[in-house]
Amino acid sequence: MKALGAAAVINTSNESIVERVQQITGGKGAAAAIDAVGGDTGTQMTQALGVNGRMIVYGVLSPEPVQVHNSLFVYKNISFSGFGIRGLLESLSAKEKQEMTVSLIELLVSPDFKMDISASYKLDEFKTAFQMYAS
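All values reported here derive from a predicted model rather than from experimental measurement.

Conventions we followed
As a convention, each chain's residues are numbered from 1 in the sequence order in which they are written. Local features are withheld for residues below a pLDDT of 70 in this predicted model, meaning they are given only at 70 or higher, and side-chain atom pairs are given and counted only at 80 or more; totals for whole chains, interfaces and linings count all residues. With hydrogens and water set aside, each side-chain value is computed from the structure's full complement of heavy atoms. Like charges within 9 Å and nonpolar side chains (Val, Leu, Ile, Met, Phe, Trp, Tyr) within 5 Å are joined into patches, using only residues over 30% in relative accessible area that form no salt bridge. Here the Shrake-Rupley method, with its probe set to 1.4 Å, supplies the accessible areas, and only the displayed protein chains count as covering residues. Salt bridges, as used here, are contacts in which a Lys or Arg side-chain nitrogen is within 4 Å of a carboxyl oxygen on Asp or Glu. Strands here mean DSSP runs of E at least two residues long; helices mean DSSP runs of H or I at least four residues long; both are numbered from the N terminus. For each residue, the accessible area found with a 1.4 Å probe, counting protein chains only, is set against the maximum for its type, and the residue is called buried under 20%, exposed over 50%, and partly exposed in between. Only heavy atoms enter the contact rule, under which two residues are in contact if any of them lie within 4.5 Å. DSSP bridges decide pairing: two strands pair if at least two such bridges lie between them. Angles here are taken between N-to-C directions and fall from 0 to 180 degrees, while the axes themselves are lines fitted to C-alpha atoms, restricted in helices to the stretch in contact.

## Focus: a nonpolar patch on the surface
Okay, so step 1: On the surface, a cluster of nonpolar side chains totalling about 450 Å² of accessible area is made up of Ile34, Tyr58, Phe83 and Ile85.
Okay, so step 2: Inspection of the secondary structure assignment puts Tyr58 in the loop between strand E2 (49-57) and helix H3 (70-76).

## Structural notes on the side chain of Thr43
Okay, so step 1: As for its placement among the helices and strands, Thr43 is situated in helix H2 (residues 39-47).
Okay, so step 2: The exposure class of Thr43 is buried, given its relative accessible area of 9%.
Okay, so step 3: Filtering out sequence-adjacent residues up to four positions away, Thr43 remains in contact with Pro65, Val66 and Gln67.

## Notes on the sheet that holds E2
Okay, so step 1: With respect to topology, three strands assemble into an open sheet ordered E1-E2-E3, the strand pairing being parallel. Here the strands that pair on one side only, and so sit at the sheet edges, are strand E1 (30-35) and strand E3 (79-82). For this sheet the average axis-to-axis angle between neighbouring strands, irrespective of direction, equals 15 degrees.
Okay, so step 2: Where E2 lies against E3, four bridges are found, and the strand directions are parallel. When the sheet's bridge partners are listed, Ile56 is paired in E3 with Ser81.
Okay, so step 3: The strands that H2 touches are E1, E2 and E3; relative to E2, the one it contacts most, it runs at about 150 degrees.

What follows is the structure, encoded as structure tokens:
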């Protein structure tokens, strides 16, 4: 993450999100959070928001809900919003969908478009490839 420009990285398996964000922000809390998980991770991210903080939720990797106490809305004035591709696509006109499709095709055929490949496997190694993908 740091190689991609992140100022700080939090390892949620052994660090408290709330404590680490307080440490990073000098006690102000995060201005915004983007959550693809939900559950305890989403709950901690919500608690780590500062005054006027904003949470954008775009995934449900955890089957557990985010727990938010009303006091966070009242005293910190936080806001929640969701983002999903289905809702986005349904909000677009036919012309906008066509323009988006053309843009995506142009991007994909561009010689500048690159995707990192972590490994390659022969067809008979498909089980190994799936195991590596799952880990």
